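Next come the chains, spelled out residue by residue.
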Amino acid sequence: MPNYSAELDALLRALADPTRRAVVERLAKAPAVVSELAEPFPMALPSFLQHLGILERAGVVVSEKHGRVRTVSLRPGALDILHVWLGEQRTPAERQADQLGIHLIRTAPKEN
């Protein structure tokens, strides 16, 4: 097993919940304050904060507190490990098809 399995496990557990995935999708657009993030979800703020805690412990999000306002943002590169792992799961046939596509692009006649 790759040496990043604990990190990958934590990431996958964090993303297994639809509320947390929705938070990640929202934060992909821009950082947000906690009250704004919590607004669309039908749950009490303490419950929502538990979701944010799971995302933060998994390294998906980071938060900063300025006065009484906490702003949450995606941690840059947080999802890279998932991309790497998914790439490793590709079949040999998929890899060969990718290589064929690259070869065809490189050898295609140039249009003027």
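Predicted model, so just to flag it, every value in this text is computed and none were measured. (Residues numbered from 1 in each chain as written. Predicted model: local features only at pLDDT ≥ 70, side-chain atom pairs only at ≥ 80, totals over all residues. Heavy atoms only, no water.)

Draft legend 1. Seen up close, the sheet that holds strand β2 (residues 61-66). Across the sheet, 3 strands lie side by side as β1-β3-β2; this open sheet has antiparallel pairing. Edge positions in the sheet fall to β1 (32-33) and β2, since each of these pairs with one other strand and no more. Bridge analysis of β1 against strand β3 (residues 69-74) gives 2 bridges, and the strand direction is antiparallel. Bridged to Ala-32 within β3 is Val-72. (Pairing = 2+ DSSP bridges. Helix = DSSP H or I, 4+ residues; strand = E, 2+ residues; numbered from the N terminus.)

Draft legend 2. The packing of helix α1 (residues 5-15) against helix α5 (residues 80-88), seen in detail. Interaxial distance between α1 and α5 falls to 10 Å at its minimum, and their mutual angle equals 105°. The orientation of α1 relative to α5 falls into the category roughly perpendicular. Each of Glu-7, Leu-8, Leu-11, Leu-12 and Leu-15 in α1 lies in contact with α5, whose residues at this interface are Ile-81, Leu-82 and Trp-85. A breakdown of the residues in the contact of α1 with α5 according to their chemical character gives 7 nonpolar, no polar and 1 charged. (Axes fitted to C-alpha atoms, helices over the stretch in contact; angles between N-to-C directions. Parallel < 35°, antiparallel > 145°, perpendicular 65-115°, else oblique. Contact = heavy atoms within 4.5 Å. Nonpolar A, V, L, I, M, F, W, Y, C, P; charged D, E, K, R; others polar.)

Draft legend 3. Region of interest: helix α2 (residues 18-27). Where α2 is concerned, the buried positions are Thr-19, Arg-20, Val-23, Val-24 and Leu-27. In a view along the axis of α2, the buried residues occupy a sector of 140°, so they form one face of it. Exposed and facing more than 90 degrees away from the buried side of α2 are Pro-18 and Glu-25. Contacts from the buried residues of α2 go to α1, β1, α3 (34-38), α4 (45-57), β2 and β3. The distance from a side-chain oxygen at the start of α2 to the backbone nitrogen of Thr-19 is 2.8 Å, and the residue carrying that oxygen is Asp-17. (Buried < 20%, exposed > 50% of the residue type's maximum accessible area, 1.4 Å probe, protein only. Arc of directions from axis to C-beta. Polar contact = N/O pair within 3.5 Å; in protein donor to acceptor, adjacent residues only side chain to side chain.)

Draft legend 4. Layout of the nonpolar core. The biggest cluster of nonpolar side chains holds 21 residues, and the ones touching the most others in it are Val-23, Leu-37 and Phe-48. Secondary-structure elements contributing two or more residues to this core are α1, α2, α3, α4 and α5. Take this core: its biggest share by element is 4 residues, from α1. For Val-23, the contacting residues outside a window of four places in its chain are Leu-37, Phe-41, Phe-48, Leu-52 and Leu-55. (Core = buried A, V, L, I, M, F, W, Y, C linked by side-chain atoms within 4.5 Å.)

Draft legend 5. Here's a closer look at the packing of aromatic side chains. All told, the structure shown has 1 aromatic pair when counted by the stated rule. Seen in terms of ring centroids, Phe-41 and Phe-48 are 5.4 Å apart; in terms of plane orientation they differ by 25°. Their pairing is stacked. Classification of Phe-48 by relative accessible area gives buried; the value is 1%. (Phe/Tyr/Trp six-rings, centres within 6.5 Å; stacked < 30°, edge-to-face > 60°.)

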